[in-house]
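# Descriptive structure summary
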Amino acid sequence: MVVRRPTRKVMVGDAAHGFVGIGGDSPVSVQSMTAGYTYEIDKCIAEIHKLAAAGADMVRVAVPEKKDTAALKEIIPQVSVPIIADVHFHFQRALEAIDAGIHKIRLNPGNISDRAQVKEVIQACKAKKIPIRIGVNEGSIIERKDKQKRMKELGGVFSDNKHGHFLAIMVAKLEEYLDIFREEDFHDIVISAKSIDPLLVIAAYEEISKRFDYPLHLGVTHAGPKETGTIRSVVPLGHLLASGIGDTIRISYANDPVYEVQDGLELCYVLGLRTRIGAELIACPTCGRIQVDLFKLVQDVRKRLMNEIKMPIKVAVMGCIVNGPGEAEGADVAIFAGDRKGIIYVQGEKVANIPEEEILDRLLFECRELEAKVLRGETKLGDKKVDILPPDPIGELGSGWEKIQSEKSGRGMSLTVVK
Ligand code: SF4
């Protein structure tokens, strides 16, 4: 079990949009950011709805221009989750967003550093109990003359660290910025320190987690397309979360932000940091024993589970019954493929032996039935484990690959590689 680092707690939201806690005893929250223009009100609302439906706890929007903050007045009443305004360069955008009813502000110390301006934002947030994220980014940290002395001191502290220079700038910048907030006695603060380098992200958050007790927003900036950004993001975020560091996360991809929410939630689920909503899918990678089009089946099952099942039913889709039972241990519903057919087990009981083309519908039917039984109080998820004695793999199953190769033209069999 992950032991979370104790932090202060801030609350984001209101009665109409719900409250999301960050830090303290709150579960790790998942957020994302709209990819379109905020001033395109209908599109922005549609995107926020889509992210909320995917499970985002909060959604951030960019407000580079006055027309964006003006749009917030129409957007906020029409969405169901708390909204965060991402403010850079113009402190007035923060004031306008606060006036429009925003639930949280993100300020970048790299481009809004004037003390009087920051204080104005702090006072406006304080009056409305709106938290502020201080979001330091590797790309926008600027060395300031008045911090050179402190950075020199920190340079000595971090001299052995590969990322010492960045850490020195970052800590100096945070200390400088937090001074302004302390002067105003404002503590509804979340901190982030993002970089594109996963090892630097780990070093930065480990360092600030020792120095400040404010909750932390984890993220990797400019992580790239999902295909490579997943590894770049999940390695540092998984490491930090497993160490108990991190209170809210945003995975960022150059792709549909729904993927950010899905992957952020999955990361929290697999680390036991959140209670899973919806089914959990386990699937084998296939091997030379495969006798059905498993890659396609797994994708079809995944999509339908996402749309049709709300309970955390553990579903296993296994290519055969040789290693399948071991790999599916603990599944509530499991299918083991045979020679273009599937044997379905529910809570350890064999319920069907059906042709390949019927597997998808029957598997979903069994999941829905199980969900209904749980709702009626007739059973509990995780009650029984799949417990099957595997047959002789050679005598009874033979080589599926050979069968697929020899018969695929005649029976329309194909192995689909899903990208
Ligand atoms: S479950 Fe069967 S087909 Fe899938 S990887 Fe294991 S042995 Fe291969």
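Our structure's up above, just so we're on the same page.
Notes on the structure follow. Keep in mind that this is a model prediction, so the values were computed, not measured.

So, about helix α12 (residues 356-375). When the terminal C-alpha atoms of α12 are compared, their 29 Å separation across 20 residues agrees well with the 28 Å that a helix rising 1.5 Å per residue should span. Those residues of α12 not exposed but buried are I359, L363, L364, E366, C367 and L370. After α12 finishes, the residue G377 shows a positive phi value of roughly 80°.

The next thing to look at is the site of the ligand. With respect to spatial proximity, 13 residues lie near the ligand, and among them C284, C287, G319, C320 and N323 are the closest. When grouped by side-chain class, the residues that make up the shell around the ligand number seven nonpolar, four polar and two charged.

What follows deals with the sheet that holds strand β4 (residues 58-62). Hydrogen bonding along the main chain pairs the strands of a sheet, whether they run parallel or antiparallel. The strand order across the open sheet formed by eight strands is β8-β7-β6-β5-β4-β3-β10-β9, and the pairing between neighbours is parallel. Among the strands making up the open sheet, the edge pair consists of β8 (189-194) and β9 (217-219). This sheet shows a mean twist of 25° between the axes of neighbouring strands, independent of strand direction. Along the sheet, helix α3 (residues 91-99) contacts β5 (83-87) and β6 (104-107); its crossing angle with β5, the most-contacted strand, is approximately 165°.

Moving on to the sheet that holds strand β14 (residues 341-346). Taken in spatial order, the five strands of this open sheet run β11-β12-β13-β14-β15, and their pairing is mixed. If you trace the sheet from one side to the other, it starts and ends with β11 (280-283) and β15 (349-355), each paired once. Neighbour to neighbour, the strand axes of the sheet diverge by 15° on average, direction disregarded. For β11 and strand β12 (residues 314-318), the ladder comprises four bridges, and the chain directions are parallel. Bridge assignment links E280 to a residue of β12, and that residue is K314. Along the sheet, helix α10 (residues 294-308) makes contact with β11, β12 and β13 (333-337), crossing β12 at roughly 165°.

With that settled, consider the nonpolar core. Core analysis: the biggest nonpolar cluster contains 80 residues, and A97 and I105 have the highest contact counts within it. At eleven residues, the largest contribution of residues to this core is made by helix α6 (residues 164-183). In this view, I105 contacts A85, V87, A94, A97, I98, V121, C125, I130 and I132; residues no more than four positions away in its chain are not counted. With 33 residues, the next largest nonpolar core counts C284, I290, I313 and I344 among its residues.

Taken N-terminus to C-terminus, the directions of helix α7 (residues 198-211) and helix α8 (residues 226-242) make an angle of 25°; their axes are 9 Å apart at the nearest point. Judged on the interaxial angle alone, α8 and α7 are roughly parallel. Once α7 is placed against α8, the crossing between them reads as right-handed. Taking contact as the criterion, the partners of P198, V201, I202 and Y205 in α7 are, on α8, R232, V235, P236, H239 and L240.

Another point: the pairing of β8. For a regular strand, side-chain orientation follows a simple rule: the groups alternate between the two sheet faces. The element β8 is largely enclosed, with a buried count of six among its six residues. Burial of β8 is two-sided: the residues I189, I191 and A193 facing one way and the residues V190, S192 and K194 facing the other way are all buried. Alignment of strand β7 (residues 132-137) against β8, held across six bridges, turns out to be parallel. Each bridged residue has a counterpart across the sheet, and for N137 the counterpart in β8 is K194.

The subject of this paragraph is helix α4 (residues 115-128). Each turn of an α-helix holds 3.6 residues, which means side chains three or four residues apart point in the same direction. In a regular helix each residue adds 1.5 Å, so 14 residues correspond to 20 Å; α4 covers 20 Å between its end C-alpha atoms and thus fits that length. Along α4, the positions that sit buried rather than exposed are V118, V121, I122 and C125. Seen end-on, α4 carries its buried residues on one side only, within an arc spanning 100°. Across α4 from its buried face, at more than 90 degrees, point the exposed residues A116 and A127. Where α4 is buried, its residues meet α3, β6, β7 and α6. After α4 finishes, the residue K129 shows a positive phi value of roughly 55°.

Cut-offs used in this document
- Residues numbered from 1 in each chain as written.
- Predicted model: local features only at pLDDT ≥ 70, side-chain atom pairs only at ≥ 80, totals over all residues.
- Helix = DSSP H or I, 4+ residues; strand = E, 2+ residues; numbered from the N terminus.
- Expected span 1.5 Å × (residues − 1).
- Buried ≥ 20, exposed ≤ 12 C-beta atoms within 10 Å, placed from the backbone.
- Near = placed C-beta within 6 Å.
- Nonpolar A, V, L, I, M, F, W, Y, C, P; charged D, E, K, R; others polar.
- Pairing = 2+ DSSP bridges.
- Axes fitted to C-alpha atoms, helices over the stretch in contact; angles between N-to-C directions.
- Contact = placed C-beta atoms within 7 Å.
- Core = buried A, V, L, I, M, F, W, Y, C linked by C-beta atoms within 7 Å.
- Parallel < 35°, antiparallel > 145°, perpendicular 65-115°, else oblique.
- Left-handed = near helix turned anticlockwise from the far one by under 90°.
- Arc of directions from axis to C-beta.

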